[in-house]
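Secondary and tertiary structure notes
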Amino acid sequence: MPPKLLVIAIAIILYAITFPFAYADSETEARKLINSQGCKACHTLDGNGGVIAGSFEAMRDKLTRAQVRSQLVNPERKHGNDKIPDFSHLSENEIDVLVNFIQPKP
Ligand code: HEC
């Protein structure tokens, strides 16, 4: 195998090995944020939480990533059709973690 291909093959294997851990970390982080920000006062996750707003599982089938993001950070600083204050105090990374978790599809 030419050295260049070998390097590419090793890179792919390393990526494949570490990717699940990276994903698991961000899922753990997302679950922590959902708890610490009190999202479950109104939304359900894994069947636990409030019924004022929809479940996070249902959002997966209906919202794009951009729609999820715009719920959390928007110029009006509002969340949930003006019913809830927004979450723009979260860092860009925390928003990314939540968006990735709520809508993992690209
Ligand atoms: C005090 C109640 C409350 C809290 C806390 C809350 N939400 Fe919401 N959320 C709502 C309401 C109400 C809506 C609007 C639901 C609708 O329009 O059907 C909403 C809508 C959303 C939507 C859009 C859903 C859709 O179907 O259009 C997302 C995404 C979302 N919330 C994420 C979050 C996240 C993430 C958190 C925590 C960081 C959070 N929410 C905390 C009440 C809340």
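Numbers given for residues are sequential positions, taken from 1 along each chain in its written order. The predicted origin of the model limits local features to residues at a pLDDT of at least 70 and limits the giving and counting of side-chain atom pairs to 80 or more, whereas totals for whole chains, interfaces and linings rest on all residues.

Section: the overall build of the protein
- Along the protein, the regular secondary structure elements total four helices and four strands.
- Secondary structure elements of the protein occur, N-terminal to C-terminal, as α-β-β-α-α-β-β-α.
- Atoms counted for the radius of gyration: C-alpha only. Globule rule: 2.2 Å times residue count to the power 0.38. Compactness check: the protein gives a C-alpha radius of gyration of 17 Å against a globular reference of 13 Å for 106 residues, more than 25% above the reference.
- Each residue is classified by how many other C-beta atoms fall within 10 Å of its C-beta atom, where C-beta atoms are placed from the backbone; a count of 20 or more means buried, 12 or fewer means exposed, and values in between mean partly exposed. For the protein, with 106 residues in total, the buried portion stands at 11%.
- Restricting to contacts in the protein with at least 6 residues of sequence separation, those with at least 24 account for 42%. Counting from the N terminus, the helices are DSSP H or I runs at least four residues long and the strands are E runs at least two residues long. We call two residues in contact when their backbone-placed C-beta atoms lie within 7 Å.

Concerning the nonpolar core
- The term nonpolar core refers to a group of buried residues, namely Ala, Val, Leu, Ile, Met, Phe, Trp, Tyr and Cys, whose C-beta atoms join them within 7 Å. Of all hydrophobic cores here, the largest spans seven residues; its members are A30, F56, V97, L98, V99, F101 and I102.
- For this core, the element with the most residues is helix α4 (residues 92-102), which contributes five residues.
- In contact with F56, other than residues within four places in its own chain, are H43, L45 and I102.

Considering the site of the ligand
- Here, nearness is defined through the C-beta atom: a residue counts as near a molecule or strand if that backbone-placed atom lies within 6 Å of it. Residues in contact with the ligand amount to 23 residues; listed here are only the nearest, Q37, C39, C42, A53 and G80.
- Of all the secondary-structure elements, those providing two or more residues to the shell around the ligand are α3 (65-72) and α4.
- Broken down by element, the residue count for the shell around the ligand peaks at three residues, all from α3.
- Tallied by class, residues from the shell around the ligand come to 14 nonpolar, eight polar and one charged. Note that Gly is not counted as nonpolar here; it falls among the polar residues with everything else outside the nonpolar set of Ala, Val, Leu, Ile, Met, Phe, Trp, Tyr, Cys and Pro and the charged set of Asp, Glu, Lys and Arg.

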